[in-house]
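For reference, the chains in residue letters:
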Amino acid sequence: MFDRASKRSSTGHHVLLPASEDPIDPVIPIDPTRSLITFTFGRESVIFRIWPAVLLHTLFAAGVVCVSLETKYDLSIPSVMLNVLGVVIGFVISYRASSGYDRYWMGRNGWCDVTRTARTMGRLVWFHVPPKFGPKDPNVAIKEDEILVVMTEKRLALDLTEAFVVALKHHLRGEVGIYYEDLYHLVHPLHNHRSSNTCSQARSLPNSLPQTLSPTTSSISDPYIPLINAYGTFDPSSTSATLIRRPSTLSSSSSHCGQHPLLPSIIQSEKTIISRISTDLIPFEGFFRAVMGGLKRACGLGDEAKPSTHVKHRPKVAGGGQNVPLEVLRCLSEWASVLEDRQSVPGTSLGSIFGCISAFEDSLSKLEQILTTPLPFVFSMHIRHTVWLYLFFLPFQLVDQFKWHTIPGVAVAAFIYLGFLAAGDEIEQPFGYDENDLDLDLFCNELVMTTSGLRVAS
């Protein structure tokens, strides 16, 4: 047996664990334990998306069976179509599932590229940018003011690396702007420039240019996203340490002036049984909704708003025209150009910094491509129509042999086929708040801890 008491570190404070744990004493279970109920009806299950559509097909099958077995009308048809259409349905389901998972895997690969590039960028900025303005010269002493400026810029560059990742998360989720608890303190220093307006004037002029103050003034107002060439980002002549604003200097609920409350980093509404339903899988859902709206208007009840159901965020243009991650990359590129003018960074390291910026931009474009390019409408609708027709004719072909067992048989078939359609539709855009989407918040927190560790280690 492994004697834990005799295996300790040199300080004696840490127990040295064996290379492999004894099976009778596991530390962390490899697979999460789930009961049958949570495994079948858990939040990650697709049943909450498709239960109205499955119920509709089951009720239709019950009606066909009742008419065929309880009346003189025989609605059964030969099962030849069942065999022929079964092959087509197999190809349809396979194509829908593979196309959705392909986008899901592309999204995961894109975030893996962002993670790798962010780690490389942080290492290059913190260790390969010397604290001086000019080229390396052992005969020239480094000035303290140069050290202060360069270290301030390096910390701001690490903030920008974090800001790109966090802004990319909000950008893909359709959350525009910069007023978020996990983003505002990282991008606020980019808007420090000279202005004579105060916070009250900024409130009365919401459509003006970004009204923020330079580090030498006493008051600070909340910025708007500036124009690309409105002003510079890094001022080599500035030695003010106020360019770096850590999270502890900001309120957790509002920005500097208070007219822009900071939104939480995770904006997720409470989900109910109705909000999880995928109405586009329900046959004739639009017709039923129009009939119900007409009946309400005829009865004088008014046309009430339809309950919020499950809808994926799929914009035609990512960010609604705003692109905070791209603005952050332009700021990083501007700083890299300042380093190039100073000739303080060797060509290999500077080239790697430019390469990281280009890699960030490639990842941004790749993830935007996944977000704005769902399965073409003609394919998605034809796949749904094919599945609907198959489930529509299924009870007519089974009632002659299965009798009353046709009803649960159709329910199982509807659950399987519609479940694959709903699963493919959910993972096709993996950047939202669904249970099966990518955990972007976990990825961002991991990178924030990595770049913060660089500061602590130094």
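Fair warning: this is a prediction, and the values are worked out from it, not measured in the lab.

K.L.:
I'd love a proper account of the overall build of the chain, names of residues and values included.
P.N.:
Looking only at helices and strands, the chain features 12 helices and 0 strands. Reading the chain from its N terminus to its C terminus gives the helix and strand order α-α-α-α-α-α-α-α-α-α-α-α. Among the 458 residues that make up the chain, the fraction classed as buried is 42%. Look at the contacts in the chain between residues 6 or more apart in sequence, and 77% of them connect residues 24 or more apart.

K.L.:
Lay out unusual backbone geometry in plain terms, naming residues and giving numbers.
P.N.:
It is generally the case that most residues other than glycine have a negative phi and that most peptide bonds are trans. Despite not being glycine, Q343 shows a phi value in the positive range, around 60 degrees. On the secondary structure map, Q343 appears in the loop between α8 (324-342) and α9 (347-372). The residue K403 is not glycine, and still its phi comes out positive at about 55 degrees. Relative to the assigned elements, K403 resides in the loop between α10 (377-402) and α11 (406-427).

K.L.:
Explain the packing of aromatic side chains to me, using residue names and the numbers behind them.
P.N.:
This model, assessed by the stated rule, comprises 11 aromatic pairs. Each ring, one from Y390 and one from Y417, has its centre 5.4 Å from the other, and the planes form 80 degrees; the classification is edge-to-face. With Y390 in helix α10 and Y417 in helix α11, this pair connects stretches of sequence that are 27 residues apart. An aromatic cluster is present here, built from F60, F392, F393 and F396 joined pairwise through their rings. Lying across the ring of W126, K154 places its NZ or CZ 5.1 Å from the centre.

K.L.:
With reference to specific residues and values, describe a nonpolar patch on the surface.
P.N.:
Together, W51, L55, L59 and I274 make up a nonpolar patch on the protein surface, roughly 360 Å² of accessible area in all. Within the element layout of this structure, I274 appears in the loop between α6 (199-204) and α7 (285-298). The exposure class assigned to I274 is partly exposed, which follows from its relative accessible area of 38%.

K.L.:
Account for the environment of E435, naming residues and giving values.
P.N.:
Turning to its location among the elements, E435 is positioned in the loop between α11 and α12 (440-457). Judged by relative accessible area, which is 23%, E435 ranks as partly exposed. Taking the C-alpha atoms as reference points, E435 and S45, 390 residues apart in sequence, are found 8.8 Å from one another.

K.L.:
Go over helix α3 (residues 80-128), please, and point to the residues and values.
P.N.:
Along its 49 residues, α3 runs 71 Å from first to last C-alpha, staying within 8% of the 72 Å computed at 1.5 Å per residue. Along α3, the sharpest kink reaches roughly 25 degrees, centred on G86.

K.L.:
Lay out empty space enclosed by the protein in plain terms, naming residues and giving numbers.
P.N.:
Inspection of the entire model under this criterion finds 4 cavities of 30 Å³ or more. Around the largest cavity, the lining comprises 13 residues; the ones closest to its centre are L281, R384, L421, A422 and D425. Those elements that place two or more of their residues in the lining of the largest cavity are α10 and α11. It is α11 that contributes the most residues to the lining of the largest cavity, 4 residues altogether. In terms of lining residues, the second largest cavity is bounded by A167, H170, H171, E175, V176, G177, L183, G319, Q322, N323, V324 and P325. Elements supplying a minimum of two residues to the lining of the second largest cavity: α4 (144-172) and α8. At 3 residues, α4 tops the list of elements feeding residues into the lining of the second largest cavity.

What counts as what
- All residue numbers refer to positions counted from 1 along the written sequence of the respective chain.
- Note on the predicted model: pLDDT of at least 70 is required for a residue's local features to be given, and 80 or more for side-chain atom pairs to be given and counted; whole-chain, interface and lining totals, by contrast, use all residues.
- Here the side-chain values reflect all heavy atoms present in the structure, with hydrogen atoms and water set aside.
- Labels follow the DSSP assignment, with helices taken as runs of H or I lasting at least four residues and strands as runs of E lasting at least two, numbered in each case from the N terminus.
- For the exposure calls, accessible area comes from a 1.4 Å probe over protein chains only, and a residue counts as buried if that area is under 20% of its type's maximum, exposed if over 50%, partly exposed in between.
- Any two residues whose heavy atoms approach within 4.5 Å are treated as being in contact.
- Stacked, tilted and edge-to-face are the three classes assigned to paired rings of Phe, Tyr and Trp, where Trp is represented by its six-membered ring and a pair needs centres within 6.5 Å; plane angles under 30 degrees give stacked, over 60 edge-to-face, the rest tilted.
- For a ring to carry a charge above it, either NZ of a lysine or CZ of an arginine must fall within 6 Å of the ring centroid while also lying within 35 degrees of the normal to the ring plane.
- Patch definition: residues above 30% relative accessible area lacking any salt bridge, with like charges linked at up to 9 Å and the nonpolar side chains Val, Leu, Ile, Met, Phe, Trp and Tyr linked at up to 5 Å.
- Each accessible area is a Shrake-Rupley result for a 1.4 Å probe, and residues are judged covered by the shown protein chains and nothing else.
- The rule for a salt bridge is simple: a side-chain nitrogen of Lys or Arg has to be within 4 Å of a carboxyl oxygen of Asp or Glu.
- Helices are assigned an expected span. That span is 1.5 Å times one less than the residue count.
- We define the bend at each residue as the angle formed by axes fitted to the 7 residues ending at it and the 7 residues starting at it.
- Any residue with an atom within 4 Å of a point lines the site, the site being either a cavity, points on a 1 Å grid over the protein atoms alone where a 1.4 Å probe fits but cannot get out, or a pocket, an open set with protein on both sides within 12 Å along at least 5 of 7 lines.
- Grid points are joined across faces, edges and corners, and a volume is the space filled by probe spheres set on the points.

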